[in-house]
Structure formats: C-alpha cells, structure tokens
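Spelled out from the first residue to the last, the chains are:
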Amino acid sequence: MDEEYDVIVLGTGLTECILSGIMSVNGKKVLHMDRNSYYGGDSASITPLEELYKRFTLPAGPPESMGRGRDWNVDLIPKFLMANGQLVKMLLYTEVTRYLDFKVVDGSFVYKGGKIYKVPSTETEALASNLMGMFEKRRFRKFLVFVAEFDEKEPNSHQGVDPQTTTMRDVYKKFDLGQDVIDFTGHALALYRTDDYLDQPCLETINRIKLYSESLARYGKSPYLYPLYGLGELPQGFARLSAIYGGTYMLNKPVEEIVMENGRVVGVKSEGQVARCKQVICDASYAADYVKKSGQVVRVICILSHPIKDTNDANSCQIIIPQTQVNRKSDIYVCMISFAHNVAAQGKYIAIVSTTVETEDPEAEVLPALQLLEPIDQKFVTVCDMYEPTDLGLESQIFISRSYDATTHFETTCNDIKDIYKRVTGADFDFEEVKRKKNDIFGEEEQ
C-alpha cells in the first residue's frame, strides 16, 4: 500500500469499473478498492436467491417452488442496454464484449388507459397499432419519416424546423399529433422521464428518437439488449479490462478515509495504511461530505411464475407508464427478464418496477405497474436515496459518480461517465481514441 498511484477508484459500480478500465488503457497506474466482497456495488446482481431473501431480511427464505437458489442472478437496479447506445459502444471499443453474451429484449410496451400496447417500432407496426386512430397513424408516419431524414447539417431536411430554437411542442403541433401520441413518443421512444423536454429545443429529442430507431433496426424485436447472467457481468468485464492493463484490484477492503492536504486529495487510508494518489474516483457512499441528496427512487423486485399478460408471452420486455396516464410528474418503468437470460429458475420471471419518489408512500406510487404483474409470487421493496456531487472535483481532485436513476437504460449513466472522464483528464471522451490506445499497447494482430 505504500506505492503511489495516478488514480484510486473506490467502489465497483458500473461507472467506477468503466472509468477504472479506461484509465488503465490510458496508461494510468490504477488501484481499485471496494469495501464489499462482490462486484457491482449498488448495481450488483444477487446470487444465490437465498442471499436476496437475507438482504431483505425475509426470515423464511425462498420456498422450494422457486427452484435452485444458484440459478438466480437478481439485479438490484434494473436497466437494459440500447443496441446502438453509448454503453454498447464502450463495450465494443474496449472489446469487453469478449467476456459477455447478450440477448435481445423481446419487446417494448407503453401503458394507455389501464392497458399495455406494443410501442410501434416500424411504419408497418405504426399502421397496425391500436394506440392511434387511422388519421393519427398517417400523421405519425409522416413525423417518423421527418425524424429519420432529419440531418442537423442539412437545412433542406429541416422542413422549416430550426433545431436550436424550435421547441418539441411546436414540432408535435406541426405534425398535428394528439396527446396520446405525444406521450408515447416522448416517453417510450425518446425515453424522457418528465415532460420538461417539450419546451426545450427539438434537436436533442430528434436525436433520441433516431437512437431508438437505429437501435431497433439492428435486431428488430426491440432496441434493447440484456447480458446473460445479469447486469453484474458488466462491471466484472471492465474490471478484467483494467487488470489486463495493469490495474490492481482489492475487494473486501475497508476504506477509513480519503486523505486530504491543503484541500486536495493525497491518498486513501485503509487498515491503518495510506495508499498515495493524485486523484480519486468514487461513488457517493465513499465521499459523504462532497454530495447532496437529489431525490429518491423506489424499486420493487417481483418474482413471477408467468409472463406479463398482453405481451405476447414475452420472456423479456420493457413497459413504460407515461406520467400523464397516472397523474404523476415522472414515469413508472417495468423491466422484465426471465429464465431465458440465465437469471431465474426454469419457468420463472423477474419483473422490476421503478420510479422517482414523489409522495410519502412510495409503494403506492407504483401500484399501476404492480397490478399489471399480478399474481406476484414474492416482492422485495427498496427506497434508495439518490446523490449527486456538490463539488466538480477540480480543486479537491475527488470525482464522484451520480446515483443510478429510475430509467431502464444506461444512457444517463454513460453521460455521467463521459462527464467525469472530461473532468479527470481535461479531454473529451473519444471512443476512437480508446480503441487506438488499446491497439497501440497490444498491437492489431492480438485484437
């Protein structure tokens, strides 16, 4: 522990493991520590099932009908990967994909008037969908064509829309789209959590809908992927990348304090010894003095013995309940995976409901989602505080990740990773640069 490191990373959440891997590829000397004995931190996958019951202090343990405990890998934080999104790019460019296998999620659904409908993902589906009347379908199709052809650098494709000043509300008005279509476009395609985006310039929303369409075009069923054996495989893959490039890992390592001198980090103290460093990257639990609470998320893990009704017996799916449908300020999400992904015993399904807490009774807030899942064999409820850094780290050189939000994709997490990377290194995160550095070190022929 008496060595000096460029960067010490505390915590093995996905954000920390990706940054640790990329810093190692960049040639930095990295020490990575976690007080836990497992990878993943707050975003771990819990196995065996007995461990999940213990974690939620359910004294009886799982019944025999749940099958073998070791067949279960239950995510604490439910998320899918956008097939064309930033996390998949990070996995491909670092070649961490060689340690993982993925399966396409069967479908994406949206809630309207107490029922769920498949999100129309192609022009053919849009024309067949019960979400819209006939005239609305035509207008929606025109809107989808406009988005697909829109190019920020080609004014001819703008149809009179200014990407920097026209609001999304005005774009919807231009195509005469009704409230229900606006709901599923903003929340199930552009994946916004609230309606704040309506009065922002439209470019961001158009790009989000493009990302959805491009992700969908890759595999057809849905735009989402999920790793076999659970999300806990992701941080481990990046930890392996870090280790290949010389990163040192220590699990089960208590952290006593982050050592400061003149307002700047100089090391981390563990078991009476100080490992010296120039910078620290960590999750909020390691740096309580530098974070503030930014809200809460309620998550309900539900074990089912059946697929969710009206999903075509899908083995995996996402359901989004737009906030306007249930008189809320933020959406409710359902992520469902199953035995088909090696995360549950044969014939069993795991559905995880999540939303941003708005009242004193978080579980009641997700009731519309829980009703879609009935009957539920067993549920596990958590309410987690979300934290964000109060300090950008430019003085202290302590760089803290944001807590995982209620969304069911990793785009917000990837934005946080890129933001931290820029503050740590002073340079923009560049996918091509990561790939080039890997090739520089190992040579093309070994890739």
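Residues numbered from 1 in each chain as written. Predicted model: local features only at pLDDT ≥ 70, side-chain atom pairs only at ≥ 80, totals over all residues. Heavy atoms only, no water.

## Digging into the side chain of threonine 413
Secondary-structure assignment places threonine 413 in helix H12 (residues 411-425). With near-sequence residues (within four places) excluded, threonine 413 lies in contact with Thr15, Lys79 and Tyr404. (Helix = DSSP H or I, 4+ residues; strand = E, 2+ residues; numbered from the N terminus. Contact = heavy atoms within 4.5 Å.)

## Describing the sheet that holds strand S8 (residues 115-118)
Spatial strand order, S8-S7-S15-S16-S17-S14-S18: seven strands in an open sheet with mixed pairing. Edge positions in the open sheet fall to S8 and strand S18 (378-389), since each of these has one partner strand only. For this sheet, the mean inter-axis angle between neighbouring strands, taken without regard to orientation, is 25°. (Pairing = 2+ DSSP bridges. Axes fitted to C-alpha atoms, helices over the stretch in contact; angles between N-to-C directions.)

## A word on the packing of aromatic side chains
Aromatic rings in a pair are described by how distant their centres are and how their planes are angled relative to each other. This model, assessed by the stated rule, comprises 18 aromatic pairs. Ring centres of tyrosine 93 and phenylalanine 431 lie 5.7 Å apart, and the angle between their planes is 50°; on these two criteria the pair is classed as tilted. Highlighted residues: tyrosine 93 in helix H3 (residues 86-94) and phenylalanine 431 in helix H13 (residues 431-442), separated in sequence by 338 residues. With relative accessibility at 21%, the residue tyrosine 93 sits in the partly exposed group. Where phenylalanine 339 meets tyrosine 349, the ring centres are 5.7 Å apart and the plane angle is 85°; that geometry is what we call edge-to-face. With a gap of 10 residues between them, phenylalanine 339 in the loop between strand S16 (332-338) and strand S17 (349-356) and tyrosine 349 in strand S17 connect regions that are remote in the sequence. The rings of Phe140, Phe143, Phe146, Phe150, Tyr172, Phe175, Phe184, Tyr192 and Tyr197 are connected pair by pair, giving a single aromatic cluster. Above the plane of the ring of phenylalanine 175 lies lysine 174, whose end atom (NZ or CZ) is 5.9 Å from the centre. Across the ring face of tyrosine 99, the terminal group of arginine 240 is positioned such that the distance to the ring centre comes to 4.5 Å. (Phe/Tyr/Trp six-rings, centres within 6.5 Å; stacked < 30°, edge-to-face > 60°. Buried < 20%, exposed > 50% of the residue type's maximum accessible area, 1.4 Å probe, protein only. Lys NZ or Arg CZ within 6 Å of the ring centre and 35° of its normal.)

## Brief notes about the packing of helix H1 (residues 14-25) against helix H9 (residues 233-244)
Taken N-terminus to C-terminus, the directions of H1 and H9 make an angle of 20°; their axes are 8 Å apart at the nearest point. Considered as vectors, H1 and H9 are oriented roughly parallel to each other. Both H1 and H9 take part in a crossing whose hand is left-handed. Every residue of H9 that contacts H1 at Leu14, Cys17, Ile18, Ser20, Gly21, Ser24 and Val25 is listed here: Leu234, Pro235, Phe238, Ala239, Leu241 and Ser242. (Parallel < 35°, antiparallel > 145°, perpendicular 65-115°, else oblique. Left-handed = near helix turned anticlockwise from the far one by under 90°.)

## As for the pattern of salt bridges
Under the definition given, this model contains 24 salt bridges. Across the salt bridge formed by arginine 208 and glutamate 204, the nearest N and O atoms sit 3.0 Å from each other. With arginine 208 and glutamate 204 both in helix H8 (residues 203-219) and four residues apart, the pair spans about one turn of that helix. Judged by its relative accessible area of 25%, arginine 208 is partly exposed. We classify glutamate 204 as partly exposed; its relative accessible area is 45%. (Salt bridge = Lys/Arg side-chain N within 4 Å of Asp/Glu carboxyl O.)

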